[in-house]
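# Topology and contacts: notes
The lines below spell out each chain.
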Amino acid sequence: MTARTTRRKFIISTVAVAGGIAGSTTLQQDPSNTATPPGTMLERVLGRTGVKVPIFGLGGAGQTPLSAEGKEKEATAVIEKALELGIRYFDTAADYGPSEDYLGKVLPPSRSKLFLASKTDKRDRDGAWRELERSLKRLRADHLDLWQIHHVSSRQDLDTIFSSSGAIHALQEAIQQKVVRFVGITGHHDPQVIAEGLRRYPFHTTLIPVNAADKHHPQPFLPVVLPLARQKKVGVIAMKVPAYGRLFKPGGLEGMHQAMGYSLSQPGVDCCVIAAENPAQLESNVKIARAFKPLGKQELGAIEQRTASIWEDSTFFRAWG
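Please read these numbers as outputs of a predicted model, since none were measured by experiment.

Calculation rules
Residues numbered from 1 in each chain as written. Predicted model: local features only at pLDDT ≥ 70, side-chain atom pairs only at ≥ 80, totals over all residues. Heavy atoms only, no water. Helix = DSSP H or I, 4+ residues; strand = E, 2+ residues; numbered from the N terminus. Buried < 20%, exposed > 50% of the residue type's maximum accessible area, 1.4 Å probe, protein only. Contact = heavy atoms within 4.5 Å. Areas by Shrake-Rupley, 256 points an atom, 1.4 Å probe, with all protein chains shown as cover. Expected span 1.5 Å × (residues − 1). Arc of directions from axis to C-beta.

### Points about the overall build of the chain
Of regular secondary structure, the chain possesses 12 helices and 10 strands. Of all 321 residues assigned to the chain, the portion counted as buried reaches 55%. At a minimum sequence separation of 6, the contacts of the chain that also span at least 24 residues come to 77%. Counting every atom, the chain has about 13,500 Å² of accessible surface; 51% of that belongs to carbon and sulfur.

### A few points about the environment of alanine 259
Following the sequence through the fold, alanine 259 ends up in helix H9 (residues 256-264). As for alanine 259 and isoleucine 303, which are separated by 44 residues in sequence, their C-alpha atoms are 8.3 Å apart.

### Here we look at helix H10 (residues 279-290)
For H10, with 12 residues, the first-to-last C-alpha span of 16 Å sits near the 16 Å given by 1.5 Å per residue. Turning to H10, its buried residues are Leu282, Asn285, Val286 and Ala289. Taken down its axis, H10 places every buried residue within 100° of arc, on the same side. Exposed side chains of H10 directed beyond 90 degrees from the buried face belong to Ala280 and Lys287. Buried residues belonging to H10 abut strand E3 (56-59), helix H2 (72-84), H9 and strand E10 (269-274).

This is the structure:
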């Protein structure tokens, strides 16, 4: 182990101690061993991790208080409601504004029961390590369940990530040091880039857009990424499920039950993460997730047809590089 890596291990340990939670054996509890109380939502095993996660998790970005400066009170209300409703999957990222800080002020007492995921958009080893250290400090956690390379958009991104000084080495070292349990790759720009990332490295998960408008895009994610992910037993986490609500514009879907139902019914999709603007919206989404039943081919086709005339506006995020 290099001196630099040893120093980082010491820094992470110090960060956890400062958060008052380092050394707790309960933090190593495997969520797959946590009993699911009656009346909660369906759980699925996340790829080859062996860990069961609820099919619905709370996203930490979007146009919501969780990623907005000066909205701690509103964000806290959403996070507390999520815990009250039994949500165990929390998704955030280093560049989601104050999201990690907000989560870090509420989640630590419940940490042993949660699946906590964050991301780094740094492409180099050292930059990724610095962000991981900051994420752990802000989240007041001594480890992440899932650490992901964020919005990978181009072949150049991949070449840098997998270079001799690339971020992939930080992911490997973080697993070795047990500050990260699993690693993933995310992206919503080019499905071929995500597929190539899955071929280059045995990621545990991928976070990709999965919604009813994707089918109509000239470069759809589902037929490119899902078969490969299933072949490699990569956990698939759906994002952009309601396309920031644009799937619900006139002529589109009737509501979240169709949006979530479509995403969670795709073969190989294990779960989804959706942000919430307020506690009431979150509660409504949880009720829909609890009532989820896989949709049949005819139902899925009908939902796809409803997005045929609005797909361009609903896939605007694909242009984000």
